Amino acid sequence: MRALLSLIALVIAATNVVAADAPLTVESPYLDISLPAGFKIEVLASGLSNARAIALSEDNTLFVGTRRKGNVYAVADVFSDSPTVYTIADQRKVPSGVALHDGDLYVGELTQVVRYRDIENHLDNPGEPEIVVGGLPSKKLHSWKHIRFGPDNKLYVPLGAPCNVCDQPDFGTLTRYDADGSNPEVVARGIRNSVGMAWHPQTGELWFTDNGADRMGDDLPADELNRLAKEGDHFGFPFCHAGDFVEPDPELAALGSCDDAVGPVRKLGAHVAALGLVFYTGSMFPAEYQNQIFIAEHGSWDRSEKSGYRISLLRLNGNEVLSYEPFAEGWLNGETVNGRPVDLLVAPDGALLVSDDSQGLVYRISYSVDD
């Protein structure tokens, strides 16, 4: 991986625009990632330090948020041989989430969501954004906002718990807004830290990941894949974890009952840090992948043996998860970490795009019967 980075890394200069002197695509021999037969992985974009959430415009500009870096990037003509990288913003406060709506770029930050109007006509000079949602809490733990627009054209913003496990009723929520930030509605509660959401392409229901609590052992509690079947549902945090594991602290456990909480559709690996998820809706992959779920597992940080660091596939029958299995793995080699998947999206040609914040890369996973 280090050889790969030295070969393809782009230096993001202090200026707003960085022209790529060579294609940002490198073939898979440089990557030791295991995939099912017929699939291959390549680096689509590099030099995107701490790449987190990704969003793709109709004109193939890839927008990339960051967490620690404080930058927001745009890679114009990302699928071409001569893409251009723009630094839309720098020194922002945790600009992790990105979303596009009606030509505007929305960025989820520590205490607010901001909007850059008509962004693709202003990549080289985006100016100062306007605040759409302001006054969010400034507590930093679990504050990164993985924002998304739903099929209802509403903006969905999670607010993670500011702790490992604690009683903070105003946190652990998922709130939706009109596109201008008005009419906030809390649609779900009891969510510890969700950094990934997607809507089922057939039912329109919201599915989301949730990261389980730390410091309860290697195998407890599980991360979660959840489904919002009814607005206002409570998913158990902090009194219940993963549907059936009662919080060990008696004061917190007394706040509610697992019987009254909505359990996960599927328990995921403990501490795998399940982040971005996507329903596959492209036409490139074989038919068996249609409307199935991919999840980016960022990887554990406090487990005695590391887990995650992969992309998982969950096969569905309606709302039932039939299986939970690795799809792409190899970013974890023994206990050595070579990458950390964060976010996923399906490209117009049906390829799967994956961001990696530890390497500052965006990968492209494609399928061909000839491979």
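Source: prediction; values computed, not measured.

### Comments concerning the layout of surface pockets
Over the atoms, a rolled probe matching the size of one water molecule traces out where space is still vacant.
Here is step 1 of the chain: A volume near 870 Å³ is recorded for the largest pocket.
Here is step 2 of the chain: Considering the residues around the largest pocket, the lining is formed by 30 residues, among which Leu 56, Leu 100, Arg 148, Phe 149 and Leu 345 are closest to the centre.
Here is step 3 of the chain: Sorting the residues of the lining of the largest pocket by element identifies β3 (51-56), β7 (97-101), β11 (148-149), β15 (197-199), β22 (274-279) and β28 (341-346) as the ones contributing at least two each.
Here is step 4 of the chain: Residue contributions to the lining of the largest pocket peak at four residues, all from β7.
Here is step 5 of the chain: Classifying every residue of the lining of the largest pocket gives 20 nonpolar, five polar and five charged.
Here is step 6 of the chain: Empty space within the second largest pocket amounts to approximately 490 Å³.
Here is step 7 of the chain: The wall of the second largest pocket is formed by 23 residues, among which His 142, Trp 144, Asn 211, Asp 214 and Trp 301 lie closest to the centre.

### Observations regarding the pattern of salt bridges
Here is step 1 of the chain: On inspection of all chains with the given rule, the structure shows 22 salt bridges.
Here is step 2 of the chain: As a salt-bridge pair, Asp 357 and Arg 52 come within 3.0 Å of each other at their nearest N and O atoms. Remark: Arg 52 occurs in strand β3 and Asp 357 occurs in the loop between β29 (352-356) and β30 (361-367); sequence separation between them is 305 residues.
Here is step 3 of the chain: According to the relative accessible area criterion, Asp 357 is buried, its value standing at 7%.

### Considering the sheet that holds β30
Here is step 1 of the chain: A sheet is described by the order of its strands in space; here four strands give the open sequence β2-β30-β29-β28, paired in antiparallel fashion. Each edge of the open sheet carries a strand with a single partner, namely β2 (39-45) and β28. Mean inter-strand twist for the sheet, computed between neighbouring axes without regard to direction, equals 25°.
Here is step 2 of the chain: Where β29 lies against β30, five bridges are found, and the strand directions are antiparallel. The residue bridging Val 354 from the neighbouring strand is Tyr 363, located in β30.

Thresholds, definitions, all that
- Residues numbered from 1 in each chain as written.
- Predicted model: local features only at pLDDT ≥ 70, side-chain atom pairs only at ≥ 80, totals over all residues.
- Heavy atoms only, no water.
- 1 Å grid on protein atoms, 1.4 Å probe; cavity = no way out; pocket = protein on both sides within 12 Å on 5 of 7 lines; lining within 4 Å.
- Points joined across faces, edges and corners; volume = space filled by probe spheres on them.
- Helix = DSSP H or I, 4+ residues; strand = E, 2+ residues; numbered from the N terminus.
- Nonpolar A, V, L, I, M, F, W, Y, C, P; charged D, E, K, R; others polar.
- Salt bridge = Lys/Arg side-chain N within 4 Å of Asp/Glu carboxyl O.
- Buried < 20%, exposed > 50% of the residue type's maximum accessible area, 1.4 Å probe, protein only.
- Pairing = 2+ DSSP bridges.
- Axes fitted to C-alpha atoms, helices over the stretch in contact; angles between N-to-C directions.

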